[in-house]
Amino acid sequence: MITDEEIFQILSSSSKDNKIKVLESLSQSKNSETIRKIISKLDDPEIAVRGEAFSSLLLNENKISEFLIQGLRSVNKNIKAFSALVLANRVDRDAIPALELLTKDPSDMVRSCALGGLGYLCSSQSSTIIRNCFEDETLQVRKSALEAFFKIGGQILPNEFERLADDADDELKFLIKNYKKKFNGPGGI
């Protein structure tokens with residue numbers, strides 16, 4: 001059996017394949033230091049390692065939410081964003097207040113992932129916070145806000161459609177059109 005020290009050494013400095021192999025074996029870990037190390041791998045330079053860390057955390061059936069919520073307070077945008085998505089996919093409603101705070105993060109990727117998490121959790125109590133993101137300067141964040149609002153069944157005001165459509169790409173125009181059809185009857189922008 002591999003020791004904690006060997007696990008940390010492999011995850012800190014080993015090859016991509018060795019990191020992935022170790023991460024695969026840790027999906028049911030209860031050790032707090034190991035969980036924190038797995039969370040740190042959400043920022044590994046190798047995308048495959050980040051993906052395996054994500055999977056390991058998602059599949060872990062133990063109570064690891066407190067560590068993932070701590071990940072939301074990281075200074076690292078990848079750790080914050082991917083921790084948000086893991087929490088949402090684990091249907092961890094205790095994370096909602098922390099996800100709401102991340103909708104004001106300096107990183108547009110983090111804001112977008114936090115909104116995705118709120119939508120996935122169908123957090124209707126977050127409707128005002130999601131609505132505030134319709135004003136975000138980043139197009140992807142506005143898309144995420146609209147998708148989250150769609151999932152919670154929120155009602156968009158006509159003037160909000162104008163702001164959402166500001167510099168909209170085809171994907172956002174499509175989302176707006178579908179939203180209008182579903183909630184407001186036929187129409188386009």
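Here is what the cut-offs are and how they apply
- Residues numbered from 1 in each chain as written.
- Predicted model: local features only at pLDDT ≥ 70, side-chain atom pairs only at ≥ 80, totals over all residues.
- Heavy atoms only, no water.
- Helix = DSSP H or I, 4+ residues; strand = E, 2+ residues; numbered from the N terminus.
- Buried < 20%, exposed > 50% of the residue type's maximum accessible area, 1.4 Å probe, protein only.
- Areas by Shrake-Rupley, 256 points an atom, 1.4 Å probe, with all protein chains shown as cover.
- Lys, Arg positive; Asp, Glu negative; His and termini not counted.
- Charge placed at Lys NZ, Arg CZ, Asp CG, Glu CD.
- Axes fitted to C-alpha atoms, helices over the stretch in contact; angles between N-to-C directions.
- Parallel < 35°, antiparallel > 145°, perpendicular 65-115°, else oblique.
- Contact = heavy atoms within 4.5 Å.
- Nonpolar A, V, L, I, M, F, W, Y, C, P; charged D, E, K, R; others polar.

> Just checking my understanding: could you explain the overall build of the protein chain for this structure?
Each helix and strand counted, the protein chain has 12 helices and zero strands in total. Ordering the α and β elements of the protein chain from the N terminus gives α-α-α-α-α-α-α-α-α-α-α-α. For the protein chain, the C-alpha atoms occupy an extent of roughly 60 × 30 × 25 Å along the three principal directions. In the protein chain, which comprises 189 residues, the proportion classed as buried is 47%. In the structure as shown, the protein chain presents an accessible area of about 9800 Å², 51% of it carried by carbon and sulfur atoms. If the 26 positive side-chain charges of the protein chain are averaged to one point and the 28 negative ones to another, these points end up 3 Å apart.

> What's the story with the packing of helix H8 (residues 108–120) against helix H10 (residues 139–152) in this structure? I'm lost.
The axes of two packed helices give the description: the angle between them and the distance between them. Interaxial distance between H8 and H10 falls to 8 Å at its minimum, and their mutual angle equals 5 degrees. In terms of orientation, H8 and H10 fall into the roughly parallel class. Between H8 and H10, the contacting residues are Asp108, Arg111, Ser112, Leu115, Gly119 and Tyr120 on the first element and Gln140, Val141, Ser144, Ala145, Ala148 and Lys151 on the second. Of the residues contributing to the contact of H8 with H10, the split by class is five nonpolar, four polar and three charged.

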